[in-house]
Amino acid sequence: MPHLIPHVRKPVGLIWDSENWSCAYDASFTILANLWAEDSQRWTGYFGHMGGVLGELGVLFQSVSDGMVTLETARNLVRRGMNARQPDHFPYGSNTTSIDRIAQQLFPSKHFAVGRQVCRRCHFCDDKGYRMLESYLSAGLKSTDEYPDGVHLTSWLERYLSRGKQFCPSCRLVGVRQKLDMQTQVTEVPPIMLLDITHKRLVFSEELCFNVGGRLFKLKLRGIIYGGQAHFTCRFIQKDGSMWFHDGITTGNSCIRENRLQDGEDRLQLHKCGEKSAVAVIYALVL
Ligand SMILES: [Zn+2]
């Protein structure tokens, strides 16, 4: 029998549970399971380091890979724990949950950067250290004036990390309203990020870069979750850029191959997938 080349492994998917609707879990876990399978040992390490439900998933994906349980059983086990902790957020039956609720369980509140507020006018500097960068962020854009159409996610993130929270108290003494800037230092690279998308014209950057102590780390776009009509689907992007579509109802345990990820403005088209719209994107560290 000829050996299969490991990197052409076909992505798998989770089959939707019609009794206890599972599409929000199916979409997010399908992306994570396929990412994990690309380098199971290292991802188990990263998932475990992150802890939370992601850590549990790393262990369970190994059991799936060893043929001990199915992906659906793994999902159901994780789901049972989430339901026990927050039954109203993770209900059973003909109910769906939201991706942001799943993300909050997946990624415990771990911070990867420290921020310090400074005033560019008077050089005031506050002595607080703000915990800045988390694995789950809501990429909401406040107004189209502030963010013109077609702004890239990298620009959003840059702005998010450099925006101060208060007005300068020192400038206020002389009657000037001056917003403070945030000087953020990334202390550790987040291995995975899930960004909740609330702006339809945000361009999903192909990669996010972080400088940690002079070393550059890259996270690549690896998954998009779509929602609409009380159902979630997803796209998984392989290491080589091949894109796969999954819908737990229509494609079941497999994924359908699509065109490769396109460059530039074409990526705005990724906001749509059939009738559904993107609700979240997942970036993962380039190993
Ligand atoms: Zn000032």
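So, a few notes on the structure that sits alongside this text.

Procedures and definitions
Within every chain, residues take consecutive numbers counted from 1 along the sequence as written. In keeping with the model being predicted, local features are shown solely for residues with a pLDDT of at least 70 and side-chain atom pairs are shown and tallied solely at 80 or more, while totals for entire chains, interfaces and linings include all residues. Each side-chain value is worked out from all heavy atoms of the structure, with water and hydrogens disregarded. What counts as a helix is a DSSP run of H or I of at least four residues, what counts as a strand is a run of E of at least two, and both are numbered from the N terminus. Our radius of gyration looks at C-alpha atoms and nothing else; its globule reference is 2.2 Å times the residue count to the power 0.38. A 1.4 Å probe rolled over the protein chains alone gives each residue an accessible area, and that area as a share of the maximum for its type sets the label: buried under 20%, exposed over 50%, partly exposed in between. Note on contacts: a residue pair is in contact if any heavy atoms of the two residues lie within 4.5 Å. All accessible areas in this document rest on Shrake-Rupley with a 1.4 Å probe, and a residue is counted as covered only by the protein chains that are shown. Only nitrogen, oxygen and sulfur atoms within 2.8 Å of the metal, or 3.2 Å for Na, K and Ca, are treated as donors, and water is left out, so sites may look incomplete. Two strands form a pair only when DSSP identifies at least two bridges running between them. Axis geometry follows a simple rule: fit a line to the C-alpha atoms, using only the stretch in contact for helices, then measure angles between N-to-C directions, giving values from 0 to 180 degrees. In a helix, the anticipated span is given by 1.5 Å times the number of residues less one.

### Quick word on the overall build of the protein chain
Secondary structure assignment for the protein chain yields 7 helices and 13 strands. Expected size for 287 residues packed as a compact globule is a radius of gyration near 19 Å; at 20 Å, the protein chain falls within 12% of this value. Its C-alpha atoms put the protein chain at 75 × 40 × 40 Å along the principal axes. Here the protein chain, with 287 residues, has 48% of them falling under the buried criterion. In the protein chain, 65% of the contacts between residues at least 6 apart in sequence involve partners at least 24 apart. For the protein chain, the exposed surface amounts to about 14300 Å²; the carbon and sulfur share of it is 51%.

### Structural notes on the coordination of the zinc ion
The zinc ion binds to the protein through C119 (SG), C122 (SG), C168 (SG) and C171 (SG); the donor distances cover 2.2 to 2.3 Å. Going along the chain, you hit the donors of the zinc ion in the pattern C-x2-C-x45-C-x2-C. Of this pair, C122 sits in the loop between β1 (113–118) and β2 (130–131) while C171 sits in helix α7 (residues 169–172), and the two are 49 residues apart along the sequence. Residue class for C122 comes out partly exposed when judged on its relative accessible area of 28%.

### Regarding the sheet that holds strand β4 (residues 163–167)
On the basis of which strands lie adjacent, the open sheet formed by 4 strands has the order β2-β1-β5-β4 and antiparallel pairing. Because the sheet does not close on itself, it has two edges, and the strands there are β2 and β4. Inspection of the sheet shows β4 paired to strand β5 (residues 179–186) by 2 bridges, in the antiparallel sense. Looking at the pairing, F167 lines up with K179 of β5. Here helix α6 (residues 153–162) sits on the sheet and contacts β4 and β5; the angle it forms with β4, its principal contact strand, is near 35°.

### Re helix α3 (residues 52–65)
Here α3 spans 21 Å end to end across 14 residues, near enough to the 20 Å set by a 1.5 Å rise per residue. All of the buried residues along α3 are V53, L54, G55, L57, G58, L60 and F61. Among the structural elements, α1 (23–38), α2 (40–50), α4 (71–85), α5 (99–106) and β6 (192–197) are those in contact with the buried residues of α3. G67 sits one or two residues past α3 and shows a positive phi near 80°.

Keep in mind these values describe shape, not function.
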